[in-house]
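So the chains spell out like this:
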Amino acid sequence: MKIVNAGLEVCHRVIEGYTVLNSSIWTRIVHGVWGSRPFTSNPDEIIETRKLALDGAFQVMEIAAEYGVTICLEIVNRYEMYYLNTVDDGIDFCTKVNSPFCKLLLDTYHMSIEEDQMIDSVQKA
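The rules we used
Residues numbered from 1 in each chain as written. Predicted model: local features only at pLDDT ≥ 70, side-chain atom pairs only at ≥ 80, totals over all residues. Heavy atoms only, no water. Helix = DSSP H or I, 4+ residues; strand = E, 2+ residues; numbered from the N terminus. Rg over C-alpha atoms; globule rule 2.2 N^0.38 Å. Buried < 20%, exposed > 50% of the residue type's maximum accessible area, 1.4 Å probe, protein only. Contact = heavy atoms within 4.5 Å. Polar contact = N/O pair within 3.5 Å; in protein donor to acceptor, adjacent residues only side chain to side chain. Pairing = 2+ DSSP bridges. Axes fitted to C-alpha atoms, helices over the stretch in contact; angles between N-to-C directions. Parallel < 35°, antiparallel > 145°, perpendicular 65-115°, else oblique. Left-handed = near helix turned anticlockwise from the far one by under 90°. Nonpolar A, V, L, I, M, F, W, Y, C, P; charged D, E, K, R; others polar.

*Asks:* Explain the overall build of the protein to me, using residue names and the numbers behind them.
*Replies:* Tallying secondary structure elements over the protein gives 5 helices and 3 strands in all. The order of α-helices and β-strands along the protein, N terminus first, is α-β-α-β-α-β-α-α. Taking 2.2 N^0.38 as the reference for a compact globule, 125 residues should give roughly 14 Å; the C-alpha atoms of the protein span a radius of gyration of 15 Å, in line with that estimate. The dimensions of the protein, computed from C-alpha atoms along their principal axes, are 40 × 35 × 20 Å. Counting across all 125 residues of the protein, residues that qualify as buried make up 36%. Taking all contacts inside the protein whose residues are at least 6 apart in sequence as the whole, residues at least 24 apart take part in 75%.

The structure is reproduced here in structure tokens:
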């Protein structure tokens, strides 16, 4: 819990800093547990990691709402993160977060690796 609280405090300071800069959009890659867990293709571990990421996102979006900062989550390829890799993953994640302050950032480099039909994926997002 200590690590989670430290992460939330960092997010709070960053979001607060964005308002000082008169910026209302924070774009970021959702690494969360990157570097603290090995990459996996185990579906159960991926589901558990997504749950942990959602738990954190719910709390971070409350902070974002307080300051009026929208967080755009960049979905990256499977070689950089293993639990949110496609537009469908991102849409599902944002839908579950259910906050107007949670949006997606699409990166064509990562999409070229993960998406079969980039145009369809962009239109879907």
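There is more to say, and it comes next.
*Asks:* Explain the side chain of Glu 114 residue by residue, including any values.
*Replies:* Inspection of the secondary structure assignment puts Glu 114 in helix H4 (residues 108-114). By relative accessible area, which is 16% here, Glu 114 ends up buried. Engagement of the side chain of Glu 114 in a polar contact is seen with the backbone nitrogen of Arg 78, the distance being 2.7 Å. Not counting the four nearest positions on each side in its chain, Glu 114 is found in contact with Asn 77, Arg 78, Asn 85 and Thr 86.

*Asks:* Now, about the sheet that holds strand S2 (residues 70-74): what can you tell me, with residues and values included?
*Replies:* What the 3 strands build is an open sheet, ordered S1-S2-S3; its pairing is parallel. The open sheet terminates on both sides in strands that have one partner only, identified here as strand S1 (25-29) and strand S3 (102-105). Sheet twist, expressed as the average angle between the axes of neighbouring strands with direction ignored, equals 30 degrees. Bridge count for S1 against S2 is 5 bridges, and the pairing is parallel. Opposite Trp 26, over in S2, you have Ile 71 as the bridge partner. Across the sheet, helix H3 (residues 87-97) lies against S2 and S3, angled at about 170 degrees from S3, the strand it touches most.

*Asks:* Please set out the packing of helix H2 (residues 43-67) against H3 residue by residue, giving values where relevant.
*Replies:* Pairs of packed helices are described in terms of their axes, by the angle between the two and the distance that separates them. Direction vectors running N to C along H2 and H3 enclose 50 degrees, while the axes themselves pass 10 Å from each other. In terms of orientation, H2 and H3 fall into the oblique class. The interaxial crossing formed by H2 with H3 has right-handed handedness. Touching Arg 50, Ala 53, Leu 54, Ala 57, Phe 58 and Met 61 of H2 are Asp 89, Phe 93, Lys 96 and Val 97, all from H3. In terms of residue class, the contact of H2 with H3 is made up of 7 nonpolar, no polar and 3 charged.

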